[in-house]
Amino acid sequence: MSIIPEGTLSHFENMIYLPMIIKILERDRGEIEIGAFKLKKPYLDIIEGTLKIARNELKRTSIYLKRNNMKVVKKLNDGTFTEYLFIQGGHEDPRRYLNIRLRNRTEELISVYFTKFTEGAVI
């Protein structure tokens, strides 16, 4: 049984996924910059806009966690699972995430953030 209230789980998970999203998009931006794309700007614009949204959300999440005495600690990665410790108000809740699930969810979220950016973009 989890001692972490369900409403706060998304904030904890944002602290797992948003840094991954940012790292992947920054790496992809670098690949596009050195790649043999004929028209790099449209791809770079999408990545930059998506990075801005993800960074803003990470900042808001960090502020929320700090204000609510919450913390995420990455513990162990055995190649199959990664363990995180969710801490809130002195309570600790260890969680194990299957690495392939982390990868797949990160990929899903990148698509979500691309959509957020493109729907907000003015053409």
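Scope of this entry: the structure provided in the associated data block.

What counts, and where the lines are drawn
Residues numbered from 1 in each chain as written. Predicted model: local features only at pLDDT ≥ 70, side-chain atom pairs only at ≥ 80, totals over all residues. Heavy atoms only, no water. Helix = DSSP H or I, 4+ residues; strand = E, 2+ residues; numbered from the N terminus. Buried < 20%, exposed > 50% of the residue type's maximum accessible area, 1.4 Å probe, protein only. Axes fitted to C-alpha atoms, helices over the stretch in contact; angles between N-to-C directions. Parallel < 35°, antiparallel > 145°, perpendicular 65-115°, else oblique. Contact = heavy atoms within 4.5 Å. Nonpolar A, V, L, I, M, F, W, Y, C, P; charged D, E, K, R; others polar. Core = buried A, V, L, I, M, F, W, Y, C linked by side-chain atoms within 4.5 Å. Salt bridge = Lys/Arg side-chain N within 4 Å of Asp/Glu carboxyl O.

Another aspect to go through is unusual backbone geometry. Of note, the phi angle at Asn69 is positive, near 55°, even though the residue is not glycine. Considering the arrangement of structural elements, one finds Asn69 in the loop between helix H2 (41–67) and strand S1 (70–77). Here Asn69 falls in the exposed class, since its relative accessible area comes to 54%.

Two numbers describe how helix H1 (residues 6–34) lies on helix H3 (residues 99–120): the axes approach to 10 Å, and their chain directions differ by 70°. Considering their axes alone, H1 and H3 lie roughly perpendicular with respect to each other. Facing Ile16, Tyr17, Leu18, Met20, Ile21, Ile24 and Leu25 of H1, the residues of H3 in contact are Arg101, Leu102, Arg105, Thr106, Leu109, Ile110, Tyr113 and Phe114. Class assignment of the residues belonging to the contact of H1 with H3 gives a composition of 12 nonpolar, one polar and two charged.

Now for the nonpolar core. In summary, soluble globular proteins display a tendency toward joint burial of nonpolar side chains. Ranked by size, the top nonpolar core spans 24 residues in total, and within it Ile21, Phe86 and Tyr97 carry the most contacts. Of the residues forming this core, the biggest block, nine residues, is contributed by H1. Dropping the residues within four chain positions of it, Ile21 is found in contact with Ala54, Thr106, Leu109, Ile110 and Tyr113.

Next up on the list: the pattern of salt bridges. Oppositely charged side chains can pair when the atoms bearing their charge come close. Going through the model one piece at a time under the given rule, you end up with nine salt bridges. Lys41 is paired through a salt bridge with Asp45; the nearest N and O atoms lie 2.7 Å apart. Here Lys41 and its partner Asp45 are both found in helix H2, four residues apart, which amounts to about one turn of the helix. For Lys41, a relative accessible area of 56% corresponds to the exposed category. The residue Arg101 makes a salt bridge to Glu108 at a minimum N-O spacing of 3.8 Å. Arg101 sits in the partly exposed class, given a relative accessible area of 41%. Each of the salt bridges in this network shares a partner with another, and the network as a whole consists of Glu57, Arg60 and Lys116.

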